[in-house]
Amino acid sequence: MTQHAPLIIDVAGLSLTRTDRQRLKHPLVGGLILFARNWQDRAQLTQLCLDIKKVRHDLLICVDHEGGRVQRFKTDGFTHLPPMRALGEMWLHDGKAGEGAGAMRATNAATACGFVLGAELRACGVDFSFTPVLDLDFGESSVIGDRAFARDPRVVSLLAKSLMHGLLQSGMANCGKHFPGHGFVKADSHTDIPVDKRSLKAILADDAAPYGWLNTTLSSVMPAHVVYPKVDARPAGFSSKWLNDILRGQLGFGGAVFSDDLSMAGARLIDGQEVSYTQAAVAALNAGCDMVLLCNQSLDGGRAVDALIEGLTEAQVKGGWQPQEASEQRRLALLPRAPATEWDALMVQPDYMHALDQIP
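Trainee: Describe the packing of helix 4 (residues 101-123) against helix 5 (residues 153-170), and please don't skip the residues or the numbers.
Mentor: Axis angle and axis distance: for two packed helices, these are the angle between their axes and the distance between the axes, and together they describe the pair. Remark: helix 4 packs on helix 5, axes separated minimally by 6 Å, with the N-to-C direction vectors making an angle of 35 degrees. In this structure, helix 4 crosses over helix 5, and the sense of that crossing is right-handed. Across the interface between the two elements, Ala-106, Thr-107, Ala-110, Thr-111, Cys-113, Gly-114, Phe-115, Leu-117, Gly-118, Ala-119 and Arg-122 from helix 4 touch Leu-158, Leu-159, Ser-162, Leu-163, His-165, Gly-166, Leu-167, Gln-169 and Ser-170 from helix 5.

Structure below.
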């Protein structure tokens, strides 16, 4: 029987309940995403991650930890990382060192940010962060804003590649988001369904360009809950045209694809119809996603989480969705391959101390 654990779920508190453990044991659950509510201090986070791995060692422990305003753990020794725009601004300032000096300093600082980000998370037992943001900074999107490196896709690509180099040094995979680009639209897909009316040619030449240029470096991609009607009526995360034909076919990407959070408003309407979490998950998986996220649904006892697990199980039995061995291999490839450096050892590691000095 084909193994495939596509569901990334969450837990409500600082430690696992018996119900959390039962959910995490389910063969369709492949990992979980942590939030600020799952954080008290490093000791608690480390214990939580240990307990998760005791349930199943192959579970992927994820977090949205980019720097700036999207950083879930900020106290008890965690470095406050700058928003990525700070690196884009550094790129533009050559000072007296001559043309291009700012770019060289910025790429080095980006690598330092990636290493510190990955090493600190891994020291507490977290496997993976959904970073870097590859969206372009058009100055329009409040939800992206200073999370973007820059407006120029070439600058974004090189800074992102440098950040991913730092993540790699720490033993962590990466996730480029939000394909093919969320920066052009004003609406926030957490609360609305943004629509980007540009042509495919315009998007490929600009927003989506980093995905092609980084196809040997990206280990995973998260599509946007944005509709690009000139390409497909469905949001990118539910579109086989975007995921299979364009991302994998045209742009040559071979890694894992995560849906963005299925509880966001941008994920609840497909082809003009309001859909359940199960319908959204099945649509995302059938469109080419390897994994689907359902966030913040454990807070009321987790009825929605249980309904999704049950619904996806039923969809599999009825042939509405088929597990993919290739998807499971892509999920497992995101797990760290070497043991992490423990926190106290990391704090005195010369590479780490040097990286801290390079962060703007």
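The discussion continues.
Trainee: Break down the sheet that holds strand 7 (residues 176-179) for me, citing the residues and quoting the values.
Mentor: Taken in spatial order, the three strands make up an open sheet running 7-8-11, and their pairing is parallel. The strands lining the two open edges of the sheet, one partner per strand, are strand 7 and strand 11 (256-257). Pairing geometry for strand 8 (residues 220-223) and strand 11, over two bridges, is parallel. Bridge pairing in strand 11 links Ser-220 to Ala-256.

Trainee: How would you sum up the nonpolar core? Please name residues and give values.
Mentor: If you look at the biggest cluster of nonpolar residues, it comprises 98 residues, and the most contacted ones within it are Leu-7, Leu-24, Leu-34, Phe-73, Val-126 and Phe-179. Once residues lying within four places of it in the same chain are set aside, the contact partners of Leu-34 are Leu-45, Leu-48, Cys-49, Ile-61, Cys-62, Val-63, Arg-72, Phe-73 and Val-126. By size, the runner-up hydrophobic cluster in this structure holds 17 residues, among which are Ile-33, Phe-130, Cys-295 and Leu-335.

Trainee: Please set out the environment of Leu-117 residue by residue, giving values where relevant.
Mentor: Locating Leu-117 in the fold gives a position in helix 4. Under the relative-accessibility criterion, Leu-117 is labelled buried at 1%. With 138 residues separating them along the chain, Leu-117 and Gly-255 place their C-alpha atoms 21 Å apart. Those residues in contact with Leu-117 that sit more than four places away from it in its chain are His-65, Glu-66, Leu-81, Ser-129, Thr-131 and Leu-167.

Trainee: Describe helix 8 (residues 240-250), with residues and values.
Mentor: What helix 8 keeps buried is the set Trp-242, Leu-243, Ile-246, Leu-247 and Arg-248. Down the axis of helix 8, the buried set is contained in an arc of 165 degrees. They therefore lie on one face. Among the exposed residues of helix 8, those oriented more than 90 degrees off its buried face are Gly-249 and Gln-250. Of the residues trailing helix 8, Gly-252 is marked for its positive phi of about 70 degrees.

Trainee: If you had to explain the packing of aromatic side chains to someone new, which residues and values would you point to?
Mentor: If you walk through the whole model with that rule in mind, you get 11 aromatic pairs. A centroid spacing of 4.9 Å and a plane angle of 85 degrees characterise the contact between Phe-130 and Phe-258, whose relative ring orientation is edge-to-face. Of the two residues, Phe-130 sits in the loop between strand 6 (128-129) and helix 5 while Phe-258 sits in the loop between strand 11 and strand 12 (269-270), which places them 128 residues apart along the sequence. The buried category is assigned to Phe-130, whose relative accessible area is 0%. When the ring centre of Phe-184 is taken as reference, the NZ or CZ atom of Arg-198 above it lies at 3.9 Å.

What counts and what doesn't
- Residues numbered from 1 in each chain as written.
- Predicted model: local features only at pLDDT ≥ 70, side-chain atom pairs only at ≥ 80, totals over all residues.
- Heavy atoms only, no water.
- Axes fitted to C-alpha atoms, helices over the stretch in contact; angles between N-to-C directions.
- Helix = DSSP H or I, 4+ residues; strand = E, 2+ residues; numbered from the N terminus.
- Left-handed = near helix turned anticlockwise from the far one by under 90°.
- Contact = heavy atoms within 4.5 Å.
- Pairing = 2+ DSSP bridges.
- Core = buried A, V, L, I, M, F, W, Y, C linked by side-chain atoms within 4.5 Å.
- Buried < 20%, exposed > 50% of the residue type's maximum accessible area, 1.4 Å probe, protein only.
- Arc of directions from axis to C-beta.
- Phe/Tyr/Trp six-rings, centres within 6.5 Å; stacked < 30°, edge-to-face > 60°.
- Lys NZ or Arg CZ within 6 Å of the ring centre and 35° of its normal.

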